[in-house]
Amino acid sequence: MNLIDDLPENIKDVIHRLKFIDKLFYNRSKFQGEFNYNIEYKFHPYFHYIATINYLLLTCFDAMLESKFIDFGGWLRMKDNRYRDEVLSNNESNKITPIEMTTLLYEKYKEMYGVNQTIRTLVFERFSEVNRTKLFNSFEVYKITKIKERPKNVLSGDYDKSELIELPEKKFKIFLNIRNKFTHEAFIHAGLDDAGYTNCFSLSEGKIQKRISNWTKIDVKSKTHKTVTLIGWPYILREIIGDHIFSTYNFDVRIKKLKIKEYLGQYNFELLWSQSEKILWAKTEDGILIYMGGSTFSKPKEAINYIDEVVNDAINMDKILSMSNTDIVSIPYSRLMKYGSLVNVIGDVISNKGNNYPIRYNPEMNSFMFYDENTQNWWKQPATTIEISDIIEEARSYINEVFEK
């Protein structure tokens, strides 16, 4: 008998959803790159990709408590419902309108059966302290208040007072706000994008760090608003759900991470590889996991080669920044500087003379580009097709018959 058979039905559903999310995430490179740009509607589908992963993971929070959902109408029609009856009897003598009575009943319903209450129970009563801390540390919130009186050192313009929100109860309400944006508003807070390594993490001055760039405004009023920055989404949500299922039901659906290399010297971290999700992680000396992309790699060796170049680039850049103005240095032109985001390369052409040319395609300009190693330059030519295989053949013909002739 499969161990999953012993689990509650709602947890089985969550596990099935997690495995679907993992497979969806594994195939994310198919949605990345310039070729997928939608010319007709002028948008790139990958803007919605991570938001969709966030949405799917957030719905797992709703499902992890084994409680039967009852809608408002069903709650009103329940034969035995002392909570409903208490609201009716307590306000029987009050002169309130039907709308006011309905509002009171609905507030009591939400208190007992609403999604917010379900998630509150999960976070504050069922999650471990570690997971609760992970969740609240996965987003930063600042309340911004415009004030008229400026400090003496501020010369002109509006002055904004910034206040960090840290109390768990307040952060929980904001978490619900974020959840509702993903589930009800088609929210596109994209999170981290591994189309290119610079969007996920940074290496500088001997340190590897998360790169945080996405934020949004919520609770916007005339004089105040809140800014929210998501940190490590969706990966941290996936980690929390997997940890909770393991600690509660002793069923391991956590993402498996294999150590494939250890970097020592100027930069110290372990390189971890999750094969079934195509995820690269850096584990720092203090145990922090930093997402590093990985969508374009199918084998650990490919990932190692790529990160080797990232580390070498960082070391070379650190040397350059530490040199004086009188020093003369030759800056190596790395593969990363040549190619940029790996997913933007649609293929390679080996010419009749044996030279290798990476090929890119720009759908907006309907043109292809190829990289010439000798001149260290990208050359652009118009394309007559939008099919990838045909574009590569056009590039092959142009290189052999014109460029190298």
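Reading guide: rules and limits
Residues numbered from 1 in each chain as written. Predicted model: local features only at pLDDT ≥ 70, side-chain atom pairs only at ≥ 80, totals over all residues. Heavy atoms only, no water. Core = buried A, V, L, I, M, F, W, Y, C linked by side-chain atoms within 4.5 Å. Buried < 20%, exposed > 50% of the residue type's maximum accessible area, 1.4 Å probe, protein only. Helix = DSSP H or I, 4+ residues; strand = E, 2+ residues; numbered from the N terminus. Contact = heavy atoms within 4.5 Å. Pairing = 2+ DSSP bridges. Axes fitted to C-alpha atoms, helices over the stretch in contact; angles between N-to-C directions. Left-handed = near helix turned anticlockwise from the far one by under 90°. Nonpolar A, V, L, I, M, F, W, Y, C, P; charged D, E, K, R; others polar. Polar contact = N/O pair within 3.5 Å; in protein donor to acceptor, adjacent residues only side chain to side chain. Patch = residues over 30% accessible without salt bridge, like charges linked within 9 Å, V, L, I, M, F, W, Y side chains within 5 Å. Areas by Shrake-Rupley, 256 points an atom, 1.4 Å probe, with all protein chains shown as cover. Salt bridge = Lys/Arg side-chain N within 4 Å of Asp/Glu carboxyl O. Lys, Arg positive; Asp, Glu negative; His and termini not counted. Charge placed at Lys NZ, Arg CZ, Asp CG, Glu CD.

Draft legend 1. Focus on the nonpolar core. Judged by nonpolar contacts, the single largest core of 75 residues is most densely connected at Phe-139, Trp-233, Phe-269 and Ile-307. The element best represented in this core is helix H2 (residues 46–63), accounting for 10 residues. When residues no more than four places from it in sequence are discounted, the contact partners of Ile-307 are Phe-201, Tyr-263, Phe-269, Leu-271, Leu-280 and Met-292. Of all hydrophobic cores here, the second largest spans 12 residues; its members include Ile-359, Phe-368, Phe-370 and Ala-395.

Draft legend 2. Looking closely at the pairing of strand S14 (residues 377–382). Pairing analysis gives 6 bridges linking strand S13 (residues 367–372) to S14, with the strands arranged antiparallel. Directly across from Ser-367, in S14, lies its bridge partner Pro-382.

Draft legend 3. How the structure looks around the packing of helix H1 (residues 9–26) against helix H9 (residues 235–249). Remark: H1 packs on H9, axes separated minimally by 12 Å, with the N-to-C direction vectors making an angle of 145°. The two elements H1 and H9 meet at a crossing, and its hand is left-handed. In this structure, H1 contributes Ile-11, Val-14, Ile-15, Leu-18, Asp-22 and Phe-25 to the contact, and H9 contributes Tyr-235, Arg-238, Ile-241, Ile-245 and Tyr-249. By residue class, the composition of the contact of H1 with H9 is 9 nonpolar, no polar and 2 charged.

Draft legend 4. How the structure looks around the side chain of Asp-372. Mapped onto the secondary structure, Asp-372 falls in strand S13. Engagement of the side chain of Asp-372 in a polar contact is seen with the side chain of Thr-375, the distance being 2.8 Å.

Draft legend 5. Broad picture of the environment of Asp-348. Structurally, Asp-348 can be placed in strand S11 (residues 345–350). For the pair Asp-348 and Ala-395, spaced 47 residues apart in sequence, the C-alpha separation works out to 9.4 Å.

Draft legend 6. A look at a positive patch on the surface. Taken together, the side chains of Lys-143, Lys-161, Lys-170, Lys-173 and Lys-221 define a basic patch exposed on the protein surface. With respect to the helices and strands, Lys-170 occurs in helix H8 (residues 168–184).

Draft legend 7. Main features of the sheet that holds strand S7 (residues 258–263). Spatial strand order, S7-S8-S9-S10: 4 strands in an open sheet with antiparallel pairing. If you trace the sheet from one side to the other, it starts and ends with S7 and strand S10 (289–291), each paired once. Averaged over all pairs of adjacent strands, the angle between their axes in this sheet comes to 30°, without regard to strand direction. Strands S7, strand S8 (269–274) and strand S9 (279–283) of the sheet are contacted by helix H10 (residues 300–322), whose axis makes an angle of about 25° with S7.

Draft legend 8. Structural detail: the pattern of salt bridges. All chains considered together, the criterion is met by 17 salt bridges. The closest approach of N and O atoms between Lys-259 and Glu-262, which form a salt bridge, is 3.1 Å. Residue Glu-270 pairs with Lys-259 through a salt bridge whose shortest N-O separation is 3.6 Å. Taken as a pair, Glu-270 in strand S8 and Lys-259 in strand S7 lie far apart in primary sequence, 11 residues in all. Relative accessible area serves as the criterion here: at 41%, Lys-259 is assigned to the partly exposed category. When salt bridges that share partners are traced, they join Lys-19, Asp-22 and Arg-238 into one network.

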